[in-house]
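Examining the three-dimensional arrangement
Below are the chains, spelled out letter by letter.
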There are 2 protein chains.
Amino acid sequence: MTVVYTQTDSGVRPVAASEPVSASERAYRQLRVEILDGELPSGTGLLEVEQAARIGVSRTPLRAAIARLISDGLVAGRSGRGFVVTEISVERIRELYELRQALEEQAARLAAQRRDPAVFLALREQFVSAPELLRQGEDGIHRYYDLIDELELAIDTAGANPYLVGALDAVRTHLSRIRRLARGNQTRLRAAATEHLLIIDAIIAGDANLAAHATHVHLHQSLTSVLAAIDEDAANRAD
Amino acid sequence: MTVVYTQTDSGVRPVAASEPVSASERAYRQLRVEILDGELPSGTGLLEVEQAARIGVSRTPLRAAIARLISDGLVAGRSGRGFVVTEISVERIRELYELRQALEEQAARLAAQRRDPAVFLALREQFVSAPELLRQGEDGIHRYYDLIDELELAIDTAGANPYLVGALDAVRTHLSRIRRLARGNQTRLRAAATEHLLIIDAIIAGDANLAAHATHVHLHQSLTSVLAAIDEDAANRAD
DNA sequence: CGAGCATCCTTTGTATACAGAGGGCTCAAT
DNA sequence: ATTGAGCCCTCTGTATACAAAGGATGCTCG
């Protein structure tokens, strides 16, 4: 089944933004989100014709989308048997964090050297009141994650290094695949807020080494928490 | 970032050709080499039809090649006016080295922790005799660069982190575009050999911190040398 | 003479038809 | 019953035809 040619695809998605994005872009975004959200779990086989029909584009833009996903490391090619969503094992998570350590520490260093204090002072206030946010249920947790995104954006912007930001984006893409597991652990989130405050203070103070070390500690704790969540998850599945 | 697995690559493939590679792969490799070697300088405009005709493939595989080059950061898309080979300014080089610092230091750390001493002891011997190599003219210099590649490969292998290796590969891709400038500076190469020896010794000793610091120093010197070479080059052009 | 607009042309974006490679399945022989 | 070979069928790789978008140019009107 094909949708023939889509004229001004008006209103299929809820928020959608109504921008006239290209078919390949649409396919890329949809597949990416589906992989990241776990709707297409690790190991899922992708067939060009099948996916093209499902998304409603022809094979050409779909191929472009797959190519980008391969560059992202989210999909791998098989010989003559289509493509697969890449696996993400515990070992891979450890490796990912080794890379993340290097990148985030450098980003924190650069941010401490080049930051606009006003930006981080404003962020500081928000993180101080983060524990209150966490008492507001699911919605508060969502807003807390948004806050973390803002911090990361502020650090990236202050660092002003496109190459570093690009590498970090790649890492964060993979992280978001596993973040669902540890999501919503109140105790951990409260501790994380404290650690983030430490990082912010170091950046405000312009203390690059402290910012790097605080980041190191934070990521160590984060990894520990993630691994524990996975163990717990595995134990629950075994029951 | 790419890679992940695919370790069938046995050997460095000296000539490699005559494999039945796909048209898109051919187009990608050719364009990549041409950009890296400077045959297609920064700012060169690329037109699909034109390049497809030149390389001898149709537009479809060429588009795939361009897409990969965009992922690599070697090419950028223009709105309705084709594609361009990306510019590589002094500022970009500084930024690239900031990322490289983070990655190579981490790689050195991991290598020191996980290395097989025998591999690095063998490399050590070769680097001890590197100064002799440099007296043998252009051919010796070429073998010296191969030696550096071997060291990088050994460090990557010891680190055993595909994500980190992938990020480093991306950085090295961009570096090779500017390496031509500083190539063949005997004084610098001799100093670099000493710095490499220090890194190797730290890895053999299993001293992660020393390996990281030695790498930091080495890259600092390397950047200084590269920037000086560029200044000199610019001065020569101005004459 | 200048500015705004319409048109054309160039170049990318998309669809589809065709070719080739690779694996799985079946059938037969031992 | 098991194993081997050969065929078939599926799926990707490639080529080409068509559509649409964006910019440059020239024309006209003020």
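Here, residues in each chain are numbered from 1, in the same order as that chain's written sequence. For naming, the first written chain is A and the first written ligand is 1, with later ones following in the order written. At least 70 in pLDDT is required for a residue's local features to be given in this predicted model, at least 80 for side-chain atom pairs to be given and counted, and no such filter applies to totals for whole chains, interfaces and linings, which use all residues. Side-chain calculation: all heavy atoms of the structure are included, whereas hydrogens and water are not.

Let us look at the interface of chain A and chain B. For this analysis, residues touch if any pair of their heavy atoms sits within 4.5 Å. Listed as interface residues are 25 residues of chain A and, on the opposing side, 24 residues of chain B. With both sides pooled, the region where chain A packs onto chain B buries about 2,100 Å², and carbon together with sulfur makes up 60% of that total. Between Lys or Arg on one side and Asp or Glu on the other, a salt bridge is scored when a side-chain nitrogen of the former is within 4 Å of a carboxyl oxygen of the latter. Between the two partners, chain A and chain B, sit two salt bridges. A:E98 is the salt-bridge partner of B:R114, the closest N and O atoms lying 2.3 Å from each other. The way it works is that DSSP assigns letters per residue, a run of H or I at least four long becomes a helix, a run of E at least two long becomes a strand, and they are numbered from the N terminus. At the level of secondary structure, the elements contributing two or more residues to the side of chain A that touches chain B comprise α3 (59-72), α4 (90-114) and α8 (162-182) of chain A. Accessible-area loss on putting two parts together, using a 1.4 Å probe and summing over both, is the definition of buried area adopted here.

Before going further, it helps to examine the protein's contact with DNA strand D. One heavy atom suffices: a residue is near a molecule or strand as soon as one of its heavy atoms comes within 4 Å of it. Near DNA strand D, the surroundings consist of 15 residues, among which A:R59, A:R63, B:A23, B:S58 and B:T60 are the closest. Each atom of DNA strand D within 4 Å of the protein was assigned to sugar, phosphate or base; sugar and phosphate come to 61%. Counted as a polar contact is a pair of N or O atoms within 3.5 Å, where, for protein atoms, one must be capable of donating a hydrogen and the other of accepting one, and residues adjacent in sequence contribute only when both atoms are in side chains. One nitrogen or oxygen atom from the main chain of B:S58 is found 2.8 Å from a phosphate oxygen belonging to DNA strand D. Mapped by element, the contributors of at least two residues to the surface near DNA strand D are α3 of chain A together with α1 (23-36) and α3 (59-72) of chain B. The element that contributes the greatest number of residues to the surface near DNA strand D is α3(B), accounting for three residues. Residues are sorted three ways: Asp, Glu, Lys and Arg are charged, Ala, Val, Leu, Ile, Met, Phe, Trp, Tyr, Cys and Pro are nonpolar, and all the rest, Gly among them, are polar. Per-class residue counts for the surface near DNA strand D are five nonpolar, six polar and four charged.

Now for the environment of B:L168. All names here are of chain B. On the secondary structure map, L168 appears in helix α8 (residues 162-182). You can call L168 buried: its relative accessible area is 0%. Once the C-alpha coordinates of L168 and E152 are considered, the two residues, 16 residues apart in sequence, prove to be 9.8 Å apart. Partly exposed residues are those whose accessible area sits between 20% and 50% of the maximum for their type, while under 20% is buried and over 50% is exposed, using a 1.4 Å probe and protein chains only.

A few words now on the domain arrangement of chain A. Residues and elements named next belong to chain A. Under the domain assignment, chain A is made up of domain 1 (23-85) and domain 2 (90-238). Source of the domain bounds: an automatic or database domain assignment. Here domain 1 and domain 2 have C-alpha centroids that lie 29 Å from each other. In this complex, domain 1 contributes ten residues to the contact, which on the side of domain 2 involves five residues. Between domain 1 and domain 2 lies a buried interface of about 580 Å² when both sides are counted; carbon and sulfur atoms form 45% of it. For the interface between domain 1 and domain 2, the tally reads zero salt bridges. Counting every contact that joins domain 1 to domain 2 gives three residue pairs in polar contact (both at pLDDT 80 or more). With three residues, helix α1 (residues 23-36) is the largest single contributor of residues to the side of domain 1 that touches domain 2. Class assignment for the residues of the side of domain 1 that touches domain 2 results in four nonpolar, three polar and three charged.

The immediate surroundings of DNA strand C are formed by 14 residues, with A:A23, A:S58, A:T60, B:R59 and B:R63 found nearest. Put simply, 57% of the atoms of DNA strand C that lie within 4 Å of the protein are in sugar or phosphate. Contacts to DNA strand C include B:R59, whose side-chain N or O atom sits 3.0 Å from a base nitrogen. Tallying contributions element by element places α3(A) first for the surface near DNA strand C, with three residues. In terms of residue class, the surface near DNA strand C is made up of five nonpolar, five polar and four charged.

Below, the discussion takes up the nonpolar core. To qualify as a nonpolar core, a set must consist of buried Ala, Val, Leu, Ile, Met, Phe, Trp, Tyr and Cys residues joined through side-chain atoms within 4.5 Å. In this structure, A:F120, A:Y144, B:F120 and B:Y144 are the most contacted members of the largest nonpolar core, which totals 100 residues. Not counting residues within four places of it along the chain, the set of residues in contact with B:Y144 comprises B:F127, B:A130, B:L133, B:L134, B:L189, B:A192, B:A193 and B:H196.

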